[in-house]
Amino acid sequence: MWQPVSEADIVEGIRSGALSESHYVEVKEQARNEQIAQTLASFAIDGGMFVIGIAEVKEGNGSKRLVPKPLAVEGMIERIDGISRNAIEPPLPVTTRLVPVRDGTGFVVVSVPPSPLAPHMAGNKYYGRGDASKHALSDAEVLRHHQRRQEQADLGIRLLDAAEASDPIPSSERKHGHIYLVAEPLMPVNGTLVEQFLDDNEALLNFLVSGQNKCKKNLAGFDPTPRYATRIKPREVGVSMMNTDAEGAMQVPKPAGFSEQSILDIELLESGGIRILIGRGTATWTPGESIVCDGLALAYAQRLTFWTSTLSKRYGYRSLWSLGLRVNGVKGLRSHMKVDDWSSFEPPRTMPGDVYSRTITVSADALDSSPEDAVESLVGRLLKMLGTTRHHLGKLG
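Caption draft 1: How the structure looks around unusual backbone geometry. Omega for the peptide link from Glu89 to Pro90 comes to -10 degrees, which places this bond in the cis form. Along the polypeptide, Pro90 turns up in the loop between strand E6 (88-89) and strand E7 (95-100). The omega torsion across Asp223 and Pro224 is 0 degrees, close enough to zero to call that bond cis. Residue position: Pro224 is located in the loop between helix H6 (201-210) and strand E13 (231-235). One non-glycine residue, Asp103, adopts positive backbone phi at about 50 degrees. Note on placement: Asp103 falls in the loop between E7 and strand E8 (105-112). A residue is classified by how much of its surface remains accessible, and Asp103, at 77% relative accessible area, is exposed.

Encoded structure:
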């Protein structure tokens, strides 16, 4: 969404209609705390922009026009922050910028990303937006939005199921557990931009390699790594970038030297999403013991958030994403970090179930500003069960 950064932008936005009130834009000359809370909450469903410092003037013929009316902006960032945290339930992350004019006056521009927790409440009422204004939601509307949130959560599970179902190694033939990651935009993405990107092999490889080091430094070289997934293959619903072992996994019989745990297939989808398969969810430590590669799961969760944020910017997409992580074949196994750990007399923690699976809904803005939160939401429970939270995230687990 276009946002003003100068007084000239404000004036031009009024002239062009970019700052006219709509489903995604609201302007006010001044606003009480209660009004600010209601307006911000109303944008939480689809995202939007609230600009303070623009007056609505009635003309003699009954029409209205917008006029810049800069206001004193000192303390406004702190004021908006307090309102978004304390007057809205649940608290709503927003970004507030000042557009200064002169003598301590200017405009206040508040950007509200779509919230995965929408709808939000202000003053004991849930708020949403119509074509050009906010309104309190009816009970039926609130129920519909909560049902949509559940559908979004279910989508992540379905995406992981589809990723696992498309694994070229049947479950009966796997020697190792596998890792699956998915990211899917929850609103339509510009199809033309997606098509142009998927047709540009050089851009695809640059995109892939850009994620190589977007993880903890000590995990960047944990194989299989993105830098070797250079074989580009068209797929029915997108394009895959895979390494030689991912290519070999689709052949019958398997080629000489094939290694299941080296499989890496990163698929960019026509929908704008990402699907990743890694053949090294577990690894053989000794002839009688396999271990969980939780460090590799963490590394690719970090890369996934980086790649997803990068796609958001490339496609001009600022809405919600569904992200998911699954690791199978892990029941009774301990972490690879614990095989040489003699610091504790307690037995190592092992995975209670055969499958670890986690899905989240997160905004494009949150992926850009705080990707570590999304990463922890995806992989934190896995690390806690294995007792490796302190090592990987620097926190007690």
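Now that the structure has been shown, we can carry on.
Caption draft 2: Helix H2 (residues 33-43), seen in detail. In terms of burial, H2 is largely enclosed, as eight of its eleven residues are buried. If you check which residues of H2 are buried, you get Ile36, Ala37, Gln38, Thr39, Leu40, Ala41, Ser42 and Phe43.

Caption draft 3: Focus on the sheet that holds strand E15 (residues 264-269). Judged by pairing direction, the sheet is antiparallel, and its seven strands sit side by side in the order E13-E14-E15-E16-E12-E19-E21 without closing on themselves. Single-partner strands in this sheet number two, and they are E13 and strand E21 (355-363). With strand direction ignored, the average angle separating the axes of adjacent strands in the sheet is 15 degrees. Both E15 and strand E16 (residues 274-278) contribute to a ladder of five bridges, which runs antiparallel. Counterpart to Leu268 in the pairing with E16 is Ile274.

Caption draft 4: Local environment of the sheet that holds strand E17 (residues 282-286). Across the sheet, three strands lie side by side as E17-E18-E20; this open sheet has mixed pairing. Only two strands of the sheet have a single partner each, and these edge strands are E17 and strand E20 (334-335). In this sheet, E20 lies alongside strand E18 (residues 289-292) in parallel orientation, the contact comprising two bridges. What sits directly across from Val292, in E20, is Ser335.

Caption draft 5: Geometry of the packing of helix H5 (residues 191-198) against helix H8 (residues 294-315). Orientation of H5 relative to H8, taken along the N-to-C sense of each, is 120 degrees, at an axis distance of 9 Å. Where H5 approaches H8, its residues Leu193, Val194 and Phe197 are matched on the opposing element by Leu311, Arg314 and Tyr315.

Basis of the calculations
- Residues numbered from 1 in each chain as written.
- Predicted model: local features only at pLDDT ≥ 70, side-chain atom pairs only at ≥ 80, totals over all residues.
- Heavy atoms only, no water.
- Helix = DSSP H or I, 4+ residues; strand = E, 2+ residues; numbered from the N terminus.
- Buried < 20%, exposed > 50% of the residue type's maximum accessible area, 1.4 Å probe, protein only.
- Pairing = 2+ DSSP bridges.
- Axes fitted to C-alpha atoms, helices over the stretch in contact; angles between N-to-C directions.
- Contact = heavy atoms within 4.5 Å.

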